[in-house]
Amino acid sequence: MTIGIDKISFSTSHYVLKMSDLAQARGEDPKKFSQGLMLDALSITPITEDIITLASSAASEILDDLDKQAIDMVIFATESSLDQSKAAAVYVHGLLGIQPFARSIEMKEACYSATAALNYAKLHIEKHPESKVLVLASDIAKYGIASAGESTQGAGAIAMLVSQNPRILALNDDNLAQTRDIMDFWRPNYSDTPYVNGMYSTKQYLDCLKTTWTEHQKRFNSTLSDYAAFCFHIPFPKLAQKGLQKIMDKQLSENRKTLLIQNFQDSIAYSRQVGNIYTGSLYLGFLSLLENSQNLKSGDKIGFFSYGSGAVCEIFSGQLVDGFQDQLKSSRLEQLSQRTPLSVKEYEEMFYEETQLDQDGNACFRQYQTGPFALTAITEHQRQYQKV
Ligand code: CAA
């Protein structure tokens, strides 16, 4: 039995901040962002678009009624959780009308947890082959106005339906994880924005990649010459590019090198326009690869490097299956170009707007553009969502 990704989709906000505008406002050379980080724009969410609306939008794009009957687990991976108790997955389960006899949970380990979720989904389906699992990875990456990480913010959600006989990617059995207890990026409960040792975090990302890949090669006899593409966690595309350079094998044929580099460029096309979406970033890279590469074919082996600060990382692979192209949209770049541009002042007001609760825990919001779901109010501390 093969198990893997049967459907995949993405949603992001309807507002965008251009990096050139941010550079001007912060007195930076625009090339620092466009070349130094390889970012062109960041998705910016209004207060009515949160991790739950983004994830629901992404999932609603791919699920049909039969899927909603077959899903018996919803796993929500996030590091921008809205509640210390109630899982975001429970809201999405309700908003999408998934059959009631399902398990709905939230998972956390920085940007890594969607990979743990994918693996849990696979193990679950090995035991229950008729089941389908909805894996959601949704985050709003917010570092603070004029902070060092401001240029690597973003927002978005990935939804993946995991099943037997998948129509996009069959997962292999070569997962290798690594954990190291470090303080490169963390967000204590009392803080809305993370604490970051920026340069240290980039070094840890690259060292985790290098050491895990070396061990992966030993344990699974893996060689880049077997891979058509390698997808990376993308906090910003330049770091992922350094990742590819870090593992690039000098013995590889020129053709293989060219293929890997070309496919890497296709895998960062969406992140360049969206910024960091934390848990979903690796899978946004995969979707971008699938929808933009002109050279992929069924049977191609794709490598994945997942990284979550703190830190846990994992390398694994999958094989594209026959007809994978039929499950995809054409490139979403056109759709991304239709987001409403914000001035830097508008971005600061919108992205950092705070909920004003009255003494009974009620709040209402201005209307903003959102996807098909929106947060409409808070009533006695309870978040109210509606299909719009
Ligand atoms: N023209 C071209 N390039 C320029 C330039 C110019 N005028 N000016 C600067 N650059 C280049 C720099 O040379 C540098 O590139 P290299 O690293 O290749 O040398 C790049 O632009 C960035 O410059 P700085 O390092 O000076 O930028 P910075 O001080 O603003 O910090 C950062 C960058 C550390 C990534 C910061 O944005 C940050 O802290 N981001 C958040 C943390 C993060 O994303 N860490 C990634 C690993 S952790 C992880 O993966 C989990 C996660 O998702 C958060």
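One numbering rule holds for all chains: residues counted from 1, following each sequence as written. Per-residue local features of the predicted model are confined to residues with pLDDT of at least 70, and side-chain atom pairs are confined, for both listing and counting, to 80 or more; whole-chain, interface and lining totals are unaffected and use all residues. Each side-chain value is derived from all of the structure's non-hydrogen atoms; neither hydrogens nor water enter the calculation.

- Looking up the protein in an unreviewed UniProt entry gives the name Hydroxymethylglutaryl-CoA synthase, with the organism given as Streptococcus porcorum.

### Description of the overall build of the protein
Turning to step 1, where the next piece is worked out: A count of helical and extended segments in the protein gives 13 helices and 18 strands.
Turning to step 2, where the next piece is worked out: Computation of the radius of gyration draws on C-alpha atoms, with the globule rule given as 2.2 Å multiplied by the number of residues to the power 0.38. Since a compact globule built from 388 residues should have a radius of gyration of about 21 Å, the 20 Å found for the protein is in line with a globular shape.
Turning to step 3, where the next piece is worked out: Along the first, second and third principal axes, the C-alpha set of the protein runs to 65 × 55 × 40 Å.
Turning to step 4, where the next piece is worked out: Think of it in three bands: with a 1.4 Å probe and only protein chains considered, a residue is buried below 20% of the maximum accessible area for its type, exposed above 50%, and partly exposed in between. A burial count over the protein gives 57% of its 388 residues as buried.
Turning to step 5, where the next piece is worked out: In the protein, the proportion of contacts linking residues at least 24 apart, taken out of those at least 6 apart, comes to 76%.
Turning to step 6, where the next piece is worked out: All accessibility values rest on the Shrake-Rupley procedure with a 1.4 Å probe; residue burial counts only the protein chains present in the view. Put simply, the protein shows about 16600 Å² of open surface, and 47% of that area lies on carbon and sulfur atoms.
Turning to step 7, where the next piece is worked out: Taken together, the 36 basic and 45 acidic charged side chains of the protein have centroids lying 5 Å from each other. Starting at the N terminus, helices and strands are each numbered in turn, a helix being any DSSP run of H or I of at least four residues and a strand any DSSP run of E of at least two. Contact criterion: two residues are considered in contact whenever any of their non-hydrogen atoms come within 4.5 Å of each other. Charge counting treats Lys and Arg as positive and Asp and Glu as negative, with His and both chain ends excluded. Every charge is mapped to an atom, namely NZ of Lys, CZ of Arg, CG of Asp or CD of Glu.

### Examining the sheet that holds strand S15 (residues 340–341)
Turning to step 1, where the next piece is worked out: Between any two strands, pairing holds if DSSP finds at least two bridges. Read across the sheet, three strands follow the order S3-S2-S15 without closing on themselves; strand pairing throughout is mixed. Strand pairing shows two members of the sheet lacking a second neighbour, strand S3 (41–44) and S15, which therefore form its edges.
Turning to step 2, where the next piece is worked out: Sheet analysis places strand S2 (residues 15–18) next to S15, joined by two bridges and oriented parallel. By the bridge assignment for S15, Tyr-15 is matched with Thr-340.
Turning to step 3, where the next piece is worked out: Each of S2 and S3 touches helix H1 (residues 19–26); the most contacted strand, S2, lies at about 55° to it. For helices, the fitted axis covers only the stretch in contact; all axes are lines through C-alpha atoms, and the angles between them, taken along N-to-C directions, range from 0 to 180 degrees.

### A few points about the pairing of strand S5 (residues 103–107)
Turning to step 1, where the next piece is worked out: Pairing analysis gives five bridges linking strand S4 (residues 71–77) to S5, with the strands arranged parallel. Residue Ile-75 lies in a different strand from S5, and its bridge partner there is Ile-105.
Turning to step 2, where the next piece is worked out: With the strands aimed away from the viewer, a crossover counts as right-handed if its path from the first strand over the helix to the second runs clockwise. With helix H5 (residues 88–96) bridging S4 and its parallel neighbour S5, the resulting β-α-β unit is right-handed.

### Quick look at the nonpolar core
Turning to step 1, where the next piece is worked out: The biggest cluster of nonpolar side chains holds 75 residues, and the ones touching the most others in it are Leu-134, Phe-232 and Phe-305.
Turning to step 2, where the next piece is worked out: Tallying contributions element by element places helix H3 (residues 51–60) first for this core, with six residues.
Turning to step 3, where the next piece is worked out: In contact with Leu-134, not counting residues within four places along its chain, are Ala-59, Leu-63, Ile-71, Met-73, Val-74, Ile-75, Leu-96, Ile-98, Ala-159 and Met-160.
Turning to step 4, where the next piece is worked out: Of all hydrophobic cores here, the second largest spans 44 residues; its members include Val-135, Leu-282, Tyr-283 and Leu-290. Residues belong to one nonpolar core when they are buried, are Ala, Val, Leu, Ile, Met, Phe, Trp, Tyr or Cys, and are joined through side-chain atoms within 4.5 Å.

### Topic: the pattern of salt bridges
Turning to step 1, where the next piece is worked out: Salt bridge criterion: a side-chain nitrogen from Lys or Arg within 4 Å of a carboxyl oxygen from Asp or Glu. Inspection of every chain in the model, using the stated rule, returns 20 salt bridges.
Turning to step 2, where the next piece is worked out: Notably, a salt bridge pairs Lys-7 with Asp-67, separated by 2.7 Å at the nearest N-O pair. Within this pair, whereas Lys-7 is found in strand S1 (residues 3–11), its partner Asp-67 is found in helix H4 (residues 65–70), the two being separated by 60 residues in sequence. Exposure class is identical for Lys-7 and Asp-67. Each is buried.
Turning to step 3, where the next piece is worked out: Where Arg-180 meets Asp-207, a salt bridge forms, and the shortest distance between an N and an O atom there is 3.0 Å. Taken together, the residues Arg-180 in the loop between strand S9 (176–179) and strand S10 (185–186) and Asp-207 in helix H7 (residues 198–220) connect sequence positions 27 residues apart.
Turning to step 4, where the next piece is worked out: Judged by its relative accessible area of 18%, Arg-180 falls in the buried class.

### Section: the site of the ligand
Turning to step 1, where the next piece is worked out: A cutoff of 4 Å decides nearness: a residue is near a molecule or strand if any of its heavy atoms lies inside that distance of it. Close contacts around the ligand come from 27 residues, with Asp-29, Ser-201, His-233, Lys-242 and Asn-276 the closest.
Turning to step 2, where the next piece is worked out: Between the ligand and His-233, the relevant distance is 2.8 Å, taken from an oxygen atom to a side-chain nitrogen or oxygen of the residue.
Turning to step 3, where the next piece is worked out: Those elements that place two or more of their residues in the shell around the ligand are helix H2 (30–37), H7 and helix H8 (237–247). Here a polar contact is recorded for every N or O atom pair within 3.5 Å, except that within protein the pair must consist of a potential hydrogen donor and a potential acceptor, and residues adjacent in sequence are included only if both atoms are side-chain atoms.

### A word on H1
Turn by turn, an α-helix covers 3.6 residues, leaving residues three or four places apart pointing in a common direction.
Turning to step 1, where the next piece is worked out: Listed as buried for H1 are Met-19, Leu-22 and Ala-23. What you see down the axis of H1 is that its buried residues fit within an arc of 100°, all on one side.
Turning to step 2, where the next piece is worked out: Packed against the buried residues of H1 are S2, H2, S3 and helix H13 (344–351).
Turning to step 3, where the next piece is worked out: Of the residues flanking the end of H1, it is Gly-27, one or two places downstream, whose phi is positive at about 70°. In this context, the arc is that of the directions from the helix axis out to the C-beta atoms.

### Comments concerning the packing of aromatic side chains
Turning to step 1, where the next piece is worked out: Classification of ring pairs rests on two measures: the distance between centres of Phe, Tyr or Trp rings, Trp counted by its six-membered ring, which must be within 6.5 Å, and the angle between planes, read as stacked under 30 degrees, edge-to-face over 60 and tilted in between. Tallying each qualifying case throughout the model produces 19 aromatic pairs.
Turning to step 2, where the next piece is worked out: Here the aromatic rings of Phe-232 and Phe-264 are separated by 6.1 Å at their centres, their planes lie at 75°, and the arrangement is edge-to-face. You can see Phe-232 sitting in strand S12 (residues 229–232) and its partner Phe-264 sitting in helix H9 (residues 254–267), a full 32 residues away along the chain. Across the pair, Phe-264 and Phe-232 agree in class, each one buried.
Turning to step 3, where the next piece is worked out: Here Phe-351 and Tyr-352 contribute two aromatic rings whose centre-to-centre distance is 5.6 Å and whose plane-to-plane angle is 85°, an arrangement assigned as edge-to-face.
Turning to step 4, where the next piece is worked out: Of the residues examined, Phe-351 reaches a relative accessible area of 1% and is grouped as buried.
Turning to step 5, where the next piece is worked out: Note that Lys-142 overlies the ring of Phe-351, its terminal NZ or CZ placed 4.9 Å from the centroid.
Turning to step 6, where the next piece is worked out: We call a charge positioned above a ring when the Lys NZ or Arg CZ atom is no farther than 6 Å from the ring centre and deviates by at most 35 degrees from the ring normal. Of note, Lys-142 hangs over the ring of Tyr-352, and the distance from its end group to the ring centre comes to 5.6 Å.

### Overview of the side chain of Lys-301
Turning to step 1, where the next piece is worked out: Within the element layout of this structure, Lys-301 appears in strand S13 (residues 301–308).
Turning to step 2, where the next piece is worked out: One buried charge, Lys-301, has no salt-bridge partner; the nearest side chain with opposite charge is Asp-174, at 4.5 Å.
Turning to step 3, where the next piece is worked out: Other than its neighbours up to four places away in sequence, Lys-301 contacts Asn-172, Asp-174, Asp-226, Tyr-227, Ala-228, Ala-229, Ser-317, Gly-318 and Gln-319.

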